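For reference, the chains in residue letters:
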Amino acid sequence: MKFDVLTLFPEMFEPLNSSIIGRAKEKDLIEINLINIRDFSKDKHKKVDDTPYGGGAGMVMMPDVVYDAYKSIKDENAKVIYMSPQGKKLTQKKVEELAKNKHLIILCGHYEGIDQRVIDKIVDEEISIGDYVLTGGELPAMVLIDSVSRYSEGVITKESTNEESFTNGLLEYPQYTRPEVFEGERVPEVLLSGHHANIEKWRKEKSLEITAKKRPDLLNKNEVQ
Ligand code: 4FN
């Protein structure tokens, strides 16, 4: 999977060099290209935004600058996603669907957003990570890249992805590791029994119990929301 990110703040994507995603980049299992929209500014002051027509607070990202940044990526087959509070909610189902693409171009807004004309011209799909006010689309873009990258071959083990589809949208059962006794609290006995069928049964029951108690909205669904 290749991600091209159009942003005014490429330095915000540094966290993607750590942990599982960082390793996936090193192993060339995924590719993340950061395109600084400011590099496509037309004037000597590197201006990328201007005041909104009609008045009001803040600044709007200029359409021609964003369009030239977009045109610097040459792939008609890539899907262009605009991270936006107006988009459809990112769900695990949507993540699996996006993971089928070879190349995603992700556009991030900042300030009051981007001139609507360039959004209408280049964007295929708007996606939101949730209903709260943010300062930019960069953190949402990182959430999307993290979740979608897990589906690229070799990024995580096959067991991890399979186990998820197995539990099918339920929350996870509790995990325990050494020591056997912590502050007087023992690890549930069944997990020490070595009886694999009993362990599996216990974990399924716990998954259901926890989901029913904490996120009943996740039950009675064929898919993760
Ligand atoms: N946000 C809301 C209503 C009106 C505006 C906002 C808001 C960043 C450029 C967009 C926010 C949330 C989830 C991108 C929010 C997301 C953004 C996202 C985002 C600066 C303009 C802005 C009703 C949702 C509270 C600022 C609601 N997922 N505007 O946050 O980019 O992707």
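Residues numbered from 1 in each chain as written. Predicted model: local features only at pLDDT ≥ 70, side-chain atom pairs only at ≥ 80, totals over all residues. Heavy atoms only, no water.

1. Comments concerning the pairing of strand β5 (residues 79-89)
Then step 1. By the bridge criterion, 5 bridges tie β5 to strand β6 (residues 103-108) in an arrangement that is parallel. Its bridge partner being in β6, Ile81 is matched across the sheet by Ile106.
Then step 2. With respect to chirality, the unit in which β5 leads through helix α3 (residues 92-98) into the neighbouring parallel β6 is right-handed.
Then step 3. Across 5 bridges, β5 lies against strand β7 (residues 125-128) in parallel orientation. From the neighbouring strand, Tyr82 faces β7, where its bridge partner is Glu126. (Pairing = 2+ DSSP bridges. Helix = DSSP H or I, 4+ residues; strand = E, 2+ residues; numbered from the N terminus. Right-handed = clockwise from strand over helix to strand, strands pointing away.)

2. Description of the nonpolar core
Then step 1. With 25 residues, the main nonpolar core has Phe3, Ile32, Leu98 and Leu144 as its most contacted residues.
Then step 2. When residues of this core are traced back to their parent elements, those giving at least two are β1 (2-7), α1 (19-26), β5, α3, β6 and α5 (138-149).
Then step 3. Ranked by residues supplied to this core, first place goes to α5 with 5 residues.
Then step 4. Not counting residues up to four positions away in its chain, the partners in contact with Phe3 are Glu31, Ile32, Asn33, Leu104, Ile106, Leu144, Ile145, Val148 and Ser149. (Core = buried A, V, L, I, M, F, W, Y, C linked by side-chain atoms within 4.5 Å. Buried < 20%, exposed > 50% of the residue type's maximum accessible area, 1.4 Å probe, protein only. Contact = heavy atoms within 4.5 Å.)

3. A few points about the packing of aromatic side chains
Then step 1. A complete count under the given rule lists 2 aromatic pairs for this structure.
Then step 2. Ring geometry for Phe9 versus Tyr111: centroids 6.5 Å apart, planes at 65 degrees, classification edge-to-face. Of this pair, Phe9 sits in the loop between β1 and α1 while Tyr111 is found in the loop between β6 and α4 (116-122), placing the two residues 102 residues apart along the sequence. (Phe/Tyr/Trp six-rings, centres within 6.5 Å; stacked < 30°, edge-to-face > 60°.)

4. Comments concerning α5
Then step 1. With 12 residues, α5 extends 16 Å from end C-alpha to end C-alpha; this agrees with the ideal 16 Å at 1.5 Å per step.
Then step 2. For α5, the buried fraction is high: 9 of the 12 residues fall into the buried class.
Then step 3. Among all positions of α5, only Glu138, Pro140, Ala141, Met142, Leu144, Ile145, Ser147, Val148 and Ser149 are buried. (Expected span 1.5 Å × (residues − 1).)

5. Thoughts on α1
Then step 1. For α1, the complete set of buried residues consists of Ile21, Gly22 and Ala24. Taken around the axis of α1, the buried residues stretch over an arc of 160 degrees, which confines them to a single face. Summarising the geometry of α1, the exposed residues directed more than 90 degrees from the buried face are Ser19 and Glu26.
Then step 2. In the core, the buried residues of α1 are packed alongside β2 (31-36) and α5.
Then step 3. Immediately downstream of α1, the backbone of Asp28 shows phi near 55 degrees, a positive value. (Arc of directions from axis to C-beta.)

6. Details of the site of the ligand
Then step 1. Taken together, 19 residues sit near the ligand, with Ile129, Gly130, Tyr132, Val133 and Leu134 positioned nearest.
Then step 2. In the environment of the ligand, an oxygen atom lies 3.3 Å from a nitrogen or oxygen atom belonging to the backbone of Ser84.
Then step 3. A distance of 3.0 Å is found between an oxygen atom of the ligand and a backbone nitrogen or oxygen belonging to Leu134.
Then step 4. If the ligand stood free it would expose 620 Å²; the protein chains cover 74% of that surface.
Then step 5. If you tally residues by element for the shell around the ligand, the top one is β5, at 3 residues. (Near = heavy atom within 4 Å. Polar contact = N/O pair within 3.5 Å; in protein donor to acceptor, adjacent residues only side chain to side chain. Areas by Shrake-Rupley, 256 points an atom, 1.4 Å probe, with all protein chains shown as cover.)

7. Examining the side chain of His110
Then step 1. As for its position among the elements, His110 is in the loop between β6 and α4.
Then step 2. Take His110: its relative accessible area is 11%, and that puts it in the buried class.
Then step 3. Apart from the residues within four sequence positions on either side, His110 is in contact with Phe9, Met12, Met61, Thr135, Gly136 and Glu138.

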